Structures are given as structure tokens and as C-alpha cells.
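Residues per chain, in single letters:
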Amino acid sequence: VNDPSTVKLASGKPELIVFFAYWDGNSRIMMPVLLNLQDQYGGQANFFYLDQDDPATSQLKRALYFEAYDTLPQTFLLDANGKILRKWKGVIQQSDLQQAIQAAPGS
């Protein structure tokens, strides 16, 4: 889990930002997949895991159009300038995430 204050939306490299919940089954299913991707692409993109129940995430949720009371996790892929390239809800195939990260400008 990352400290929300460390997230810079325009970091100069692609970012995968994941809002999850400890109590959510889909979030628990996705975490090993996401950590595996971070091992593979950590040099090409920044990975952030944010507890959606943490009040400190509220500003980032607004900036990324997080949909409260919707399926978790909610995963956002941003380009180097902070523009949202893709958004997913729930469980995602690892291959879909890999393709999106590889295609992200600046990765």
C-alpha cells in the first residue's frame, strides 16, 4: 500500500494506480497479478496501490473519476503527463494489463 501523498499524476512515466479494499475479494484476487506486473514493468511504469477506504485518497479519487460504490478494484493507467489512458473495474486478465502497459506512451 502506498501513501497517497507520494502519488504524482504527471510523473514523467506511465503509472498504474489501483484503488482496492482489504475486504474485497476481487482486490485479493488481483494483488498477485499486479505485483507480478510490477516485477516485470517496474522500470517502465510506476505502480501505486491505494486503500479506497483511506480518507487521504479522496483528492486522487476525484482527479481520476473514481466511481464510489462500484466494482473494485478500480485500476487506472495514466500516461507520463497524467492523462487517463485506460480504466478497468474488477478482475482483469494479466495479458490485458501487460498489453496496455507496453502500449502506453513513454513506457
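Just so we're clear, the structure is a prediction, and the values are computed from it rather than from any experiment.

Enquirer: Can you break down the environment of Pro73 residue by residue, with the values?
Expert: Its place among the elements puts Pro73 in the loop between helix 2 (58–64) and strand 3 (74–78). Taking relative accessible area as the criterion, Pro73 reaches 1% and is therefore assigned buried. C-alpha separation for the pair Pro73 and Asn2, spaced 71 residues apart in sequence, amounts to 15 Å. Those residues in contact with Pro73 that lie beyond four places of it in its chain are Val18, Phe19, Phe20, Asp24, Asn26, Ser27, Met30, Trp88, Lys89 and Gly90.

Enquirer: I'd love a proper account of the packing of aromatic side chains, names of residues and values included.
Expert: Going through the model one piece at a time under the given rule, you end up with three aromatic pairs. When the centroid spacing of 5.0 Å and the interplanar angle of 80° are considered together, the rings of Phe20 and Tyr22 count as edge-to-face. An aromatic cluster of three or more residues is present, and its members are Phe19, Phe66 and Phe76. Lys61 extends its terminal NZ or CZ atom over the ring of Phe66, reaching a point 5.0 Å from the ring centre.

Parameters and conventions
Residues numbered from 1 in each chain as written. Predicted model: local features only at pLDDT ≥ 70, side-chain atom pairs only at ≥ 80, totals over all residues. Heavy atoms only, no water. Helix = DSSP H or I, 4+ residues; strand = E, 2+ residues; numbered from the N terminus. Buried < 20%, exposed > 50% of the residue type's maximum accessible area, 1.4 Å probe, protein only. Contact = heavy atoms within 4.5 Å. Phe/Tyr/Trp six-rings, centres within 6.5 Å; stacked < 30°, edge-to-face > 60°. Lys NZ or Arg CZ within 6 Å of the ring centre and 35° of its normal.

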